[in-house]
Amino acid sequence: MIAILDYDAGNIKSVEKAIEYLGEECIVTRDRHEIMKADKAILPGVGSFGDAMDKIRKYGLEEVIHEFIETKKPFLGICLGLQVLFEESEETPGVKGLGILKGKIHRIPDSKDTPVPQIGWNDLCIKEGAALFKGLEKNPYVYFVHSYYLKAENREDVAATTNYSVDIDASVERGNVYACQFHPEKSSDVGLKILKNFIEL
């Protein structure tokens, strides 16, 4: 059973549908008991960093996320769900993230060739041995929708990168914590394979 954490941050339904399509049972919840008894958890999200952290705290999920991760069960952040795992974001200065991983979220620089937000497909450069990308070709295309990007402090955490006017840390893996800036649930067969790899961890 996978718990999909509900904190009113959008794109939950598409994640739920993708997990069910892969034949895995899931529950959309913010109930601590339901989350803690799940085998795995997913933190999706679209929107702003500050608003997301406000809602995570409002629903008492900050402590639950830390507690779940401490169990060593697999945890996956998607898009905004990746960003809030880190310490802070230029989008909302002064608002602290979950601080589970070290690094900062920066705004993608404006450029005539790379409009912000980045909306569309981009290829990944995958680190050898990255668990989420097992069985995929070296430079698969995935779907991004974002204006802010991660620069991880610990480079060994970075599982995949992409370039969109700047080098972007597109996915991280550290212990039982996994995260993607892109949307696997909207990335066709490649995305389904990534989610399947997560399910099979």
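This one's a predicted model, so the numbers in the text were calculated from it and none came from an experiment. (Residues numbered from 1 in each chain as written. Predicted model: local features only at pLDDT ≥ 70, side-chain atom pairs only at ≥ 80, totals over all residues. Heavy atoms only, no water.)

A. Looking closely at the overall build of the protein chain. For the protein chain, the helix and strand inventory stands at six helices and 13 strands. Over its C-alpha trace the protein chain gives a radius of gyration of 15 Å, about what one expects of a compact globule, namely 17 Å for 201 residues. Viewed in the frame of its principal axes, the protein chain has a C-alpha envelope of about 50 × 40 × 30 Å. Buried positions account for 52% of the 201 residues belonging to the protein chain. Carbon and sulfur atoms provide 48% of the accessible area of the protein chain, an area that totals close to 9,000 Å². (Helix = DSSP H or I, 4+ residues; strand = E, 2+ residues; numbered from the N terminus. Rg over C-alpha atoms; globule rule 2.2 N^0.38 Å. Buried < 20%, exposed > 50% of the residue type's maximum accessible area, 1.4 Å probe, protein only. Areas by Shrake-Rupley, 256 points an atom, 1.4 Å probe, with all protein chains shown as cover.)

B. Looking closely at the environment of isoleucine 199. With respect to the secondary-structure elements, isoleucine 199 resides in helix H6 (residues 188-199). When the C-alpha atoms of isoleucine 199 and glutamate 25 are compared, they prove to be 10 Å apart, with 174 residues separating the residues in sequence. Setting aside its immediate chain neighbours within four residues, isoleucine 199 contacts Ile2, Ile19, Leu22, Glu24 and Lys40. (Contact = heavy atoms within 4.5 Å.)

C. Representation of helix H1 (residues 12-21) within the structure. Within H1, burial applies to Ile12, Val15, Glu16, Ala18 and Ile19. Taken down its axis, H1 places every buried residue within 165° of arc, on the same side. Set apart from the buried face of H1 by more than 90 degrees, the exposed residues are Lys13, Lys17 and Tyr21. Residues of H1 that are buried sit in contact with strand S1 (2-5), strand S2 (26-29), strand S3 (40-43), strand S4 (75-78) and H6. (Arc of directions from axis to C-beta.)

D. The arrangement of the sheet that holds strand S6 (residues 103-107) in detail. With respect to topology, three strands assemble into an open sheet ordered S5-S6-S10, the strand pairing being mixed. Where the open sheet ends on each side, the last strands, each with one partner, are strand S5 (88-89) and strand S10 (148-152). As paired strands, S5 and S6 are joined by two bridges and run parallel to one another. Considered in S6, the bridge of glutamate 88 is made with lysine 104. (Pairing = 2+ DSSP bridges.)

E. Representation of the environment of asparagine 163 within the structure. In this structure, asparagine 163 sits in strand S11 (residues 158-163). What makes asparagine 163 partly exposed here is its relative accessible area of 44%. Measuring from C-alpha to C-alpha, the distance between asparagine 163 and leucine 85 comes to 21 Å, with 78 residues separating the pair along the chain.

F. Expanded view of the packing of H1 against H6. Running from N to C, H1 and H6 point in directions that differ by 70°, and their axes come no closer than 10 Å. By the angle between their axes, H1 is roughly perpendicular relative to H6. Touching Ala18, Ile19 and Tyr21 of H1 are Leu192, Leu195 and Ile199, all from H6. Among the residues making up the contact of H1 with H6, the classes are represented as six nonpolar, no polar and no charged. (Axes fitted to C-alpha atoms, helices over the stretch in contact; angles between N-to-C directions. Parallel < 35°, antiparallel > 145°, perpendicular 65-115°, else oblique. Nonpolar A, V, L, I, M, F, W, Y, C, P; charged D, E, K, R; others polar.)

G. Spatial organisation of the pattern of salt bridges. Applying the stated rule across the entire model yields 14 salt bridges. With a shortest N-O distance of 3.1 Å, arginine 30 and aspartate 8 are connected by a salt bridge. One end of the pair, arginine 30, is in the loop between S2 and helix H2 (32-37); the other, aspartate 8, is in the loop between S1 and H1, with 22 residues separating them in the sequence. A relative accessible area of 32% means that arginine 30 is categorised as partly exposed. Among the residues examined, aspartate 8 registers a relative accessible area of 39% and is labelled partly exposed. Here glutamate 87 ties to lysine 102 by a salt bridge, and the two come within 3.8 Å at their closest N and O atoms. (Salt bridge = Lys/Arg side-chain N within 4 Å of Asp/Glu carboxyl O.)

H. Seen up close, the pairing of S11. Strand direction decides the pairing type here: strand S8 (residues 125-126) and S11, joined by two bridges, are antiparallel. Note on S11: the bridge partner recorded for cysteine 125 is threonine 161. As paired elements, S11 and strand S12 (residues 167-174) share five bridges and run antiparallel to each other. Note that in S12 the partner of asparagine 163 across the bridge is aspartate 167. Turn length for the S11-S12 hairpin, with the two strands adjacent in sequence and antiparallel, is three residues, and the turn residue serine 165 shows positive phi of about 70°.

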